[in-house]
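Chains, contacts and geometry: an overview
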Amino acid sequence: MPVVGCRGEPVAPEEVLVVGDGPEGEPSRWPVVARVPPHVAVLRASPEELADIARHVRLAMTRLPNGDVEMLGDRGALDELDEGARLYVRAWRERPLEKPDRPGEGLAWDHPGFQPPDRPPE
Amino acid sequence: MAGDLPFEEILVVHDDGAAEALTTPDAETAGARVLQRFGDRVEIRLGATDGGGARMPALSDEVLESLSVTERLGVEALRLRTTGDYLRSKASRPRDGERWNMADCVGAPAPPGMAVLEAPSAPGLEAAAPGTSDYLMGSVAVGVVIVNGPTVDTQFTAAQQTEVVAEVQAGLGWLAGFNPWAGVSFSYDIRPVTISTQPNAPAADNESRWRDPAVGQLGFQQNWNGVWDYVRSLRTNLRTNWAYCVFFVRGYPLDHFAYASIGGPRVVMDYANDGWGPSNIDRVVAHESGHIFGCPDEYASSGCDCDGAWGRFGEPNSNCENCAGAAGVDCLMRANQWAMCMPTRRHLGWGLTSLRTIQPAACHVVSRSLDHLDVFVCDQGGNTATAAWEPAMVSWWEGWWNLLGGRAAPGAHVTVVSRRQDFLDVFAVGTDGHAYTCAWEPGQGWRGWWRIGGASFPQGAMIGALSRSQDHLDIFATDAGGRVLTAAWEPAFTDGWHGWWQIQGGRARPGAPVTAVSRSADKLDVFVVGTDGGCYTAAWEPAFTDGWHGWWRIGNVAFPQGAYLGAVSRSQDKLDVFGTDTGGRVLTAAWEPAFNDGWHGWWQIQGGRAQPGGPVTAVSRSTDHLDVFVIGTDNTTYTAAWEPAFTDGWHGWWNLNGGRAAHGSFITCISRRLDFLDVFVVGLDGRVYTAAWSPGQPWGGWWPMGK
């Protein structure tokens, strides 16, 4: 089950980002929640599974609860990515795991003082 | 002239696998800008810009037939746009030149940029084309286009670009993770682009100013159609089910800080994200993506109401703040929060699709592990289908899924058994009259259908199935010749199923249901109405070295031939059997080893009456408890119960929440955990309905399984 829940922030990094196929082929055991073709994918997996996943790919990384990144594999794989994929990986590594000071938390989109997304009817 | 476009279009069809064009008329055209691409081989290029018309080379049938569907549609659409009818329709285009928000214009106000939805393509072809974001299941390509302008105020810093992508990851990750059963997976195309357009440059509107050059930078035509082309190319190139794109801008004037079109193809977002700020881009992009996949707004000032037909299933906006009870519940489409209401889940396309079958019909159900339910039915079109439930499902049931393309007679029995935890084996008589099976295993998914032996059965006949111990399967049915047959499988049978064997010369009406029950490990007891209308039973256990024993007749009661008999073992080695006799009495009989005189009964259950032969189904929700279900003479669902503490015999009948079904319908019942009951029936409208009971609670339901 994903840690990203029905409510609250996506608090836990229950994802493993992988780069490239390894000698044991695609890690099909884990659901893919995102891809940046052709080399990057994000798997729904717990950090404890990092080593297992790393056997299937060139590079695998996960976010630890303190925000740090743990990596296993060939870091040189990152240098071979195109600009968009590099940007995706950088964003994934730097993404805040918590947002305690989110503006307007829980407010209706048309709460006074805010504009709602989408243009309201005339 | 191709429609009323103010420029000439040139059709180019490339040779299969070759770089050279088949139809390039001259060197000048060879270098012309490509306006549209259809597949790998068809292009429409820009011709003279001071006029209209189309240059279309002659194409042989051989060439046309070699084109893909997409390529051929491209050719046919351009041909259509050169026809007289089409030109006349464009010459008299309704409301030509009027503003989109003109007075008396019927329909919702168009968001910025919607004007070019009136693209000059062939209306019929456009309408028939599948949408790019019909519902949120499966793989989705998303283009994230970060538009950098020529001034500092219109450019994203490296940190801001990273932030934007991180926010999109968070928002779409939340959507993807919300419903694991939807299998949502986003494939990204992240494209920072740089354009030279000043923020105050003249433009038709505040979107096309930056959008058109941005899609030009992506290699597509610089207009609204270029956005569609980009999104379609994403779907093609990334091989996804769906596609859309999100444009991020900074410092360009926008009509609104965030907006999208219901059904796609694009979201527009300002980096500043109004008062919500960049740290709420994740929520806003998820909200806008909801629109892309058919969800309406739910906050009050959106002007929503609780009606309408939204999303994949055309369901109302019943969480609209203006009319829902208590102003609705928490939901991303209503407020800045990670929550999703049930109406939004349905609008996204999650949950049960529609299914109808004939009446009367049976659905069959199994609980493959604690609190898991899987239901099987054959719809009115003869398609085998299944749906599943477990408590963690976010949209109640999921389904109906076509079961490996299996076909049978409309309303045919699709029976199921679980031979070990989380394994499913399904059986049906195919349209050729043979028995077929398919199986589901964790990690393997569904596989099959495989034919079982050469026996022939009447179409729609029931194949009774049972697992007498782990990984053993036994099935039973009456063939087209009236022989009561059985077949068996276990992993040691490396050559597949064994059988069919006739059970002790047993005969019944062709297709008559054979009910089987295992009163203890590896023991089998079967029941069938014989050709004389008597209820007969036979038994097998490993100690019977001479095979099956029986048949023995149970009492002298007569049942209509082909009637279904319910049977259950409420505790080890005890048997209870149920049926509706030719006089319409709902009866039961019982056996246990202590009965030296054989079966006891038949007894009428509390005066119960039903159509003669009406199926009486039974379940034991805990040791020595019996619950039975039947469609009464008034077409209403009824239940009765027995347990040892009832010294006055059976209790009931209780009207089960007014459920109604055709005579002959089965009320399929199961206990997915101790003392819980779930029942299913095909209602008078052909939908499957379910109801549930648990200790201390009244019956809940009937709930229709799908719209």
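Quantities reported herein were computed from a predicted structural model and do not represent experimental measurements.

When you go through chain B residue by residue, the secondary structure sums to 10 helices and 37 strands. By residue count, 47% of the 707 residues in chain B fall in the buried class. Put simply, of all contacts in chain B between residues at least 6 apart along the chain, 56% involve residues at least 24 apart.

This part is about the interface of chain B and chain A. Each partner contributes to the interface: chain B provides 52 residues, whereas chain A provides 43 residues. Secondary-structure elements contributing two or more residues to the side of chain B that touches chain A are α6 (158-178), β6 (185-194), β8 (258-260) and α9 (281-292) of chain B. Split into classes, the residues belonging to the side of chain B that touches chain A amount to 25 nonpolar, 19 polar and eight charged.

Looking now at α9 of chain B. All names here are of chain B. For α9, spanning 12 residues, the distance from its first C-alpha to its last is 16 Å, which sits close to the expected 16 Å at 1.5 Å a residue. For α9, the tally of buried residues reaches 12 of 12 residues, placing the bulk of the element in the interior. Buried residues of α9: I281, D282, R283, V284, V285, A286, H287, E288, S289, G290, H291 and I292, and no others. Looking at the buried residues of α9, the elements they touch are α6, β7 (242-249), β8, β9 (266-270) and α10 (342-347). A positive phi of about 105° marks G294, the residue just after α9.

Residue and element names in this part refer to chain B. In space, the four strands of this open sheet follow the order β34-β35-β36-β37, with antiparallel pairing throughout. If you trace the sheet from one side to the other, it starts and ends with β34 (668-670) and β37 (700-704), each paired once. With direction set aside, neighbouring strand axes in the sheet form an average angle of 20°. Sheet analysis places β34 next to strand β35 (residues 677-682), joined by three bridges and oriented antiparallel. Bridge pairing in β35 places I670 opposite D678.

Now for α6 of chain B. For an α-helix, the turn length of 3.6 residues means that residues three or four places apart are oriented alike. Compared with an ideal rise of 1.5 Å per residue, which puts 21 residues at 30 Å, α6 of chain B spans 30 Å between its outermost C-alpha atoms and is within 8% of the ideal. With 18 of 21 residues buried, α6 of chain B is to be regarded as a mostly interior element.

Residue and element names in this part refer to chain B. For strand β28 (residues 585-591), the tally of buried residues reaches five of seven residues, placing the bulk of the element in the interior. Inspection of the sheet shows strand β27 (residues 575-580) paired to β28 by six bridges, in the antiparallel sense. Residue pairing in the sheet places L575 in a bridge with W591 of β28. Here β28 runs beside strand β29 (residues 600-609); their pairing, made up of five bridges, is antiparallel. By the bridge assignment for β29, R585 is matched with R609.

What follows concerns the confidence of the model for chain B. Residues and elements named next belong to chain B. Averaged over all residues, the pLDDT of chain B is 87; the fraction at 70 or higher stands at 83%. Within the model, pLDDT remains below 50 along residues 1-7, and this stretch shows 25 contacts once partners closer than five positions in the same chain are excluded. Listed scores for the predicted complex are pTM 0.75 and ipTM 0.87.

It is worth spelling out the nonpolar core at this point. By size, the foremost hydrophobic cluster in this structure holds 111 residues, and its most contacted members are A428 and A477 of chain B. Excluding residues that lie within four positions of it along the chain, A477 of chain B makes contacts with A435, F457, A461, M462, I463, G464, L485 and V514 of chain B. One finds M61 and A85 of chain A together with V246 and C295 of chain B within the second-largest nonpolar core, a separate group that totals 100 residues.

Time to look at the pairing of strand β24 (residues 535-540) of chain B. Residues and elements named next belong to chain B. The buried fraction of β24 is high, at five of six residues. Both strand β23 (residues 524-529) and β24 contribute to a ladder of six bridges, which runs antiparallel. Within β24, the position partnered with V529 by the bridge is C535. In this structure, the hairpin formed by β23 and β24 is closed by a connection of five residues, where G533 is found at a positive phi of approximately 85°.

Time to look at the sheet that holds strand β21 (residues 498-507) of chain B. All names here are of chain B. On the basis of which strands lie adjacent, the open sheet formed by four strands has the order β18-β19-β20-β21 and antiparallel pairing. The open sheet has two free edges, formed respectively by β18 (464-466) and β21, since each of these has just one partner strand. In this sheet, neighbouring strand axes are inclined to one another by 20° on average, regardless of whether the strands run parallel or antiparallel. Examined bridge by bridge, β18 and strand β19 (residues 473-478) share three bridges and lie antiparallel to one another. Note on β19: the bridge partner recorded for G464 is F476.

What follows deals with unusual backbone geometry. Residues and elements named next belong to chain B. For the peptide bond that leads from Q359 to P360, omega is -10°, which places it in the cis range. Relative to the assigned elements, P360 resides in the loop between α10 and β10 (364-366). Cis rather than trans, the peptide bond between G499 and W500 has omega equal to 5°. Positionally, W500 belongs in strand β21. In this structure, D422 takes a positive phi of about 75° despite not being glycine. Look at D422 and you get exposed, because 12 C-beta atoms sit within 10 Å. In this model, D675 sits at a positive phi of 70°, which is unusual for a non-glycine residue. Within the secondary structure, D675 sits in the loop between β34 and β35. Residue D675 is classed as exposed on the basis of its C-beta count, with 12 C-beta atoms lying within 10 Å.

Thresholds, definitions, all that
- Residues numbered from 1 in each chain as written.
- Chains lettered and ligands numbered in written order.
- Predicted model: local features only at pLDDT ≥ 70, side-chain atom pairs only at ≥ 80, totals over all residues.
- Helix = DSSP H or I, 4+ residues; strand = E, 2+ residues; numbered from the N terminus.
- Buried ≥ 20, exposed ≤ 12 C-beta atoms within 10 Å, placed from the backbone.
- Contact = placed C-beta atoms within 7 Å.
- Nonpolar A, V, L, I, M, F, W, Y, C, P; charged D, E, K, R; others polar.
- Expected span 1.5 Å × (residues − 1).
- Pairing = 2+ DSSP bridges.
- Axes fitted to C-alpha atoms, helices over the stretch in contact; angles between N-to-C directions.
- pLDDT = per-residue confidence, 0-100.
- Core = buried A, V, L, I, M, F, W, Y, C linked by C-beta atoms within 7 Å.

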